[in-house]
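Structural features, examined
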Amino acid sequence: MAKLQLVLYPSDTLNQKTKKITRFDSATRRLAQDMLETMYANNGVGLAAPQVGVLKRMMVIDVSGEDEPRKPTVFINPEIIESSGEMTGNEGCLSFPGVFFEVRRRSRIVVKFQNLAGKEQKLAAADNLLCRAIQHELDHLEGQLFVDKAVSKLAAELELSKNGLLGETIDIAQTVKIPAGETELMFG
Ligand SMILES: [Zn+2]
């Protein structure tokens, strides 16, 4: 196993779509192992392949608590086949060190995926960390990032700015609409 280098925002790699995995061979197993090692080393609960520079449809998740035995799940070619409801909660991302803000997600999902043997699996999750983590990581496989699902764009902007990560993809002037005649806004 080897710990891999994390791809940090802003990077074009994080905006790319990923390719379906068709070979369930030793290279695929090694990628899963390396991603898990990288995730654990960085205290993450999930990691998607683009975050280690690999544009393939693989993600790993382990939402077990610190004092519990590890319970990793490797999702290959995952796809959400049912979803409903809505929930909001705080999220961070290993590609955005130090950045946390509220993100809106579906509150109940069913995900279909393949395991390392290529066998099809289904998993349902509702109102929990697993449900949130699956949606966050699956977005990475589509080249989407949690900044696009922030409950408050401004809160997300401030978090990015505070951590020196303000990219050019979001224009703060479009987020904060300054009413005409109120150009001298006071920021405390
Ligand atoms: Zn992420």
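You'll find the structure just up there.
Presented here is a report on the structure given in the accompanying data block. (Residues numbered from 1 in each chain as written. Predicted model: local features only at pLDDT ≥ 70, side-chain atom pairs only at ≥ 80, totals over all residues.)

**Focus on the nonpolar core**
- Membership of the largest hydrophobic core comes to 39 residues, with the highest contact counts inside it found for Met35, Met58, Met59, Val60 and Ile134.
- Looking at this core, the elements with two or more residues in it are helix H1 (26–41), strand S1 (46–48), strand S2 (58–61), strand S3 (73–84), strand S5 (96–105), strand S6 (108–114), helix H2 (129–141) and helix H3 (153–162).
- Excluding anything up to four places from it in sequence, Val60 contacts Ala32, Met35, Leu36, Met39, Gly46, Leu47, Pro72 and Val74. (Core = buried A, V, L, I, M, F, W, Y, C linked by C-beta atoms within 7 Å. Buried ≥ 20, exposed ≤ 12 C-beta atoms within 10 Å, placed from the backbone. Helix = DSSP H or I, 4+ residues; strand = E, 2+ residues; numbered from the N terminus. Contact = placed C-beta atoms within 7 Å.)

**Side note on H2**
- Look at H2: 19 Å from first C-alpha to last across 13 residues, which is about the 18 Å you get at 1.5 Å a residue.
- Of all 13 residues in H2, eleven are buried, a share of seventy percent or more.
- Every buried residue belonging to H2 is among Leu130, Cys131, Arg132, Ala133, Ile134, Gln135, His136, Glu137, Leu138, His140 and Leu141, and all of these are buried.
- Just beyond H2, the residue with positive phi is Gly143, at close to 75 degrees. (Expected span 1.5 Å × (residues − 1).)

**Thoughts on the pairing of S3**
- The pairing of S2 with S3 spans four bridges and is classified as antiparallel. Paired with Met59 across the two strands is Phe75, which belongs to S3.
- When S3 meets S6, the two strands line up antiparallel, connected through six bridges. By the bridge assignment, Ser83 is partnered in S6 with Ile109. (Pairing = 2+ DSSP bridges.)

**Considering the sheet that holds S6**
- Read across the sheet, five strands follow the order S1-S2-S3-S6-S7 without closing on themselves; strand pairing throughout is antiparallel. Each end of this open sheet is capped by a strand with a single partner; those strands are S1 and strand S7 (120–126). Each adjacent strand pair in this sheet contributes to an overall mean axis angle of 40 degrees, direction not counted.
- Lying on the sheet, H1 is in contact with S1, S2 and S3; it crosses S2 at an angle near 45 degrees.
- Running over the sheet, H2 touches S1, S2, S3, S6 and S7 and is turned about 155 degrees from S2. (Axes fitted to C-alpha atoms, helices over the stretch in contact; angles between N-to-C directions.)

**With respect to H3**
- Three or more residues of H3 are buried, namely Ala156, Glu159 and Leu160. Angular distribution of buried residues about the axis of H3 spans 100 degrees; they occupy a single face of the element. Across H3 from its buried face, at more than 90 degrees, point the exposed residues Leu154, Ser161 and Lys162.
- In this fold, the buried residues of H3 make contact with S5.
- Positive phi appears at Gly164, one or two residues downstream of H3, with a value of about 65 degrees. (Arc of directions from axis to C-beta.)

**Topic: the pairing of S7**
- Across seven bridges, S6 lies against S7 in antiparallel orientation. Bridge pairing links Ile109 to Ala125 in S7.
- Where S6 folds back on S7, the antiparallel hairpin that results is connected by five residues, among which Gly118 adopts a positive phi of roughly 90 degrees.

Bear in mind that shape data such as this cannot, by itself, settle questions of function.
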